[in-house]
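So you can see what is in the structure, the chains are spelled out below.
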Amino acid sequence: VPANASGSNASFYEVYQALLTYPLLLKANMEKISGEIDKYAPARKDKIKIAVTEWAPLFHILPTDKWVDHCKTLGSGIFVASAMKTFLESPKVDLANSFKLAEYSFMGWIYGDGTPKPSYYALQMYTKHFGDKVVQTGVTSPTYDSKGVATIAAVKDAPYIEAISSLSPDESRLYIMVINKHFNAPITTTLNLNGFKPQPTGKAWVLTAPSLDANNG
């Protein structure tokens, strides 16, 4: 992701709004590239895939900048959850490598001593509590507008709530990943299931913290 606080005098909320709406711009970019593949290589369009070779939350690259350590916040973890949703829903995306996995300084998703950061825990949601088959999910949500910050463009009507669903290989278990991007409040939601009969009870795993800039070190 572009460094969304680099050279900017934006406020805390403006910077984080830009970060959390960036997956919408990423989705548009994936759709544009997919369309170009279909247009310019129609005979091979089903064989040509998209590889995202470096992605991660990034605010600033200078260690002296006030934003540099924000890569390890809850907000960064929420960004990772939303970006993963974008990649999973893009039919042509075949590979998406995070940068970096482990590092002692500000960029890694795991500290050099092995301590996980929020981005790691967000990705873990997809590896531990998600299925193999993505199924259709529709969301109706209140929205907000973000301002353009650094290299990230402004976005109108960005949803506070995002969701992606999947099934286990035998289709006996349904997983619903819900992402709340509201800055300071929970949002009451209603789930409607079509084509799947659930058991009376289920399990919920929650990744949260007191604030968007809450961090683990």
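The structure we're discussing is the one just above.
Counting restarts for each chain, with residues numbered from 1 along the sequence as it is written. pLDDT decides what is reported in this predicted model: residues at 70 or higher carry local features, side-chain atom pairs at 80 or more are listed and counted, and totals for whole chains, interfaces and linings draw on all residues regardless. Neither water nor hydrogens contribute to the side-chain values; these are computed over all heavy atoms in the structure.

Student: Help me get a handle on the overall build of the chain, residues and values and all.
Tutor: Helix and strand definitions follow DSSP, with helices as H or I runs of at least four residues and strands as E runs of at least two, each counted in order from the N terminus. When its secondary structure is counted, the chain shows three helices and seven strands. Secondary structure elements in the chain, listed N-terminal to C-terminal, are α-β-α-β-α-β-β-β-β-β. We take the radius of gyration over the C-alpha atoms and set the globule estimate at 2.2 Å times the residue count to the 0.38 power. For the chain, whose C-alpha radius of gyration is 18 Å, the value lies close to the compact-globule estimate of 17 Å for 217 residues. Here the chain, with 217 residues, has 41% of them falling under the buried criterion. In this description, contact between two residues means that some pair of their heavy atoms is separated by no more than 4.5 Å. Within the chain, contacts between residues at least 6 apart in sequence are counted, and of these 66% link residues at least 24 apart. Computed by Shrake-Rupley with a 1.4 Å probe, the accessible areas treat only the displayed protein chains as cover when residues are assessed. For the chain, the exposed area adds up to about 12,600 Å²; of that, 52% sits on carbon and sulfur atoms. For every residue, the accessible area (1.4 Å probe, protein chains only) is compared with the maximum for its type, and the residue is labelled buried under 20%, exposed over 50%, or partly exposed between those bounds.

Student: Talk me through the environment of Met84; I want residue IDs and the actual numbers.
Tutor: Take Met84: it is sitting in helix 2 (residues 74–89). Exposure remark for Met84: the relative accessible area of 14% places this residue in the buried category. With 15 residues separating them in the primary sequence, Met84 and Phe99 have C-alpha atoms 14 Å apart. Met84 has contacts with Trp55, Leu123 and Tyr126, leaving out every residue within four places of it along the chain.

Student: I'd like a description of the packing of aromatic side chains, backed by residues and values.
Tutor: By convention, a stacked pair of Phe, Tyr or Trp rings (six-membered ring in the case of Trp) has centres within 6.5 Å and planes under 30 degrees apart, an edge-to-face pair has planes over 60 apart, and any other such pair is tilted. A full pass over the atoms with the stated rule returns 11 aromatic pairs. Look at Phe12 and Tyr13: their rings are 5.3 Å apart centre to centre, the planes differ by 80°, and that puts the pair in the edge-to-face class. The partly exposed category is assigned to Phe12, whose relative accessible area is 25%. The exposure class assigned to Tyr13 is partly exposed, which follows from its relative accessible area of 46%. Members of the aromatic cluster, joined through ring pairs, are Phe12, Tyr13, Tyr16, Phe59, Trp67 and Phe183. The ring centre of Tyr111 lies 4.4 Å from the NZ or CZ of Lys117, which sits over that ring. Counted as over-ring charges are cases with an Arg CZ or a Lys NZ within 6 Å of the ring centre that also lie within 35 degrees of the ring normal.

Student: Give me the lowdown on unusual backbone geometry, citing residues and values where you can.
Tutor: Of all residues except glycine, most have a negative phi; of all peptide bonds, most are trans. With an omega of 0°, the peptide bond between Phe99 and Lys100 qualifies as cis. Examined against the element boundaries, Lys100 turns out to sit in the loop between strand 2 (93–98) and helix 3 (118–128). Of note in the backbone geometry, Asp157 takes a positive phi value of approximately 55° without being a glycine. Tracing the chain through its elements places Asp157 in strand 5 (residues 155–159).

Student: How would you explain the nonpolar core if you had to name every residue and give the values?
Tutor: In these notes, a set of buried Ala, Val, Leu, Ile, Met, Phe, Trp, Tyr and Cys residues joined through side-chain atoms within 4.5 Å is what counts as a nonpolar core. Core analysis: the biggest nonpolar cluster contains 49 residues, and Trp55, Phe59, Phe79, Phe87 and Tyr126 have the highest contact counts within it. Sorting the residues of this core by element identifies helix 1 (12–40), strand 1 (50–55), helix 2, helix 3, strand 5 and strand 7 (174–180) as the ones contributing at least two each. If you tally residues by element for this core, the top one is helix 1, at nine residues. Sequence-distant contacts of Tyr126, that is, excluding residues within four places in its chain, are made with Ala81, Met84, Lys85, Leu88, Ile164, Met177 and Ile179.

Student: Lay out the side chain of Ser166 with the relevant residues and their values.
Tutor: Looking at the element boundaries, Ser166 is found in strand 6 (residues 161–167). Distance and chemistry together define a polar contact, namely a pair of N or O atoms within 3.5 Å, with one atom able to donate a hydrogen and the other to accept it when in protein, and with adjacent residues in sequence counting only for side-chain atoms on both sides. Here the side chain of Ser166 touches Gly131 through a polar contact of 2.8 Å, landing on its backbone nitrogen.

Student: Describe the pattern of salt bridges, with residues and values.
Tutor: Note on definitions: salt bridges are taken to be side-chain nitrogens of Lys or Arg within 4 Å of carboxyl oxygens of Asp or Glu. A complete count under the given rule lists eight salt bridges for this structure. Note that Lys72 is salt-bridged to Asp69, the shortest N-O span being 3.8 Å. Asp69 gets classed as partly exposed once you look at its relative accessible area, which sits at 40%. Of the charged contacts, one joins Lys156 and Asp145 as a salt bridge, the two residues approaching to 3.8 Å between their closest N and O atoms. Highlighted residues: Lys156 in strand 5 and Asp145 in strand 4 (residues 143–146), separated in sequence by 11 residues. On the accessibility criterion, Asp145 (40% relative accessible area) is partly exposed.

Student: Explain the sheet that holds strand 3 (residues 133–135) residue by residue, including any values.
Tutor: In a beta sheet, neighbouring strands are held together by backbone hydrogen bonds and run either parallel or antiparallel to one another. In spatial order, the strands read 3-6-7; together these three strands make up an open sheet with antiparallel pairing. Single-partner strands in this sheet number two, and they are strand 3 and strand 7. Across the sheet, the mean angle from the axis of one strand to that of its neighbour is 30°, orientation sign disregarded. Pairing between strands is defined by DSSP: at least two bridges between the two strands are required. Looking at chain direction, strand 3 and strand 6 are connected through three bridges and run antiparallel. The residue bridging Val135 from the neighbouring strand is Ser165, located in strand 6. Strand contacts of helix 2: strand 6 and strand 7, with the helix running at about 55° to strand 6, the strand carrying the most contacts. To get an axis, a line is fitted to the C-alpha atoms, and for a helix only the part in contact is used. The angle between two axes follows their N-to-C directions and goes from 0 to 180 degrees.

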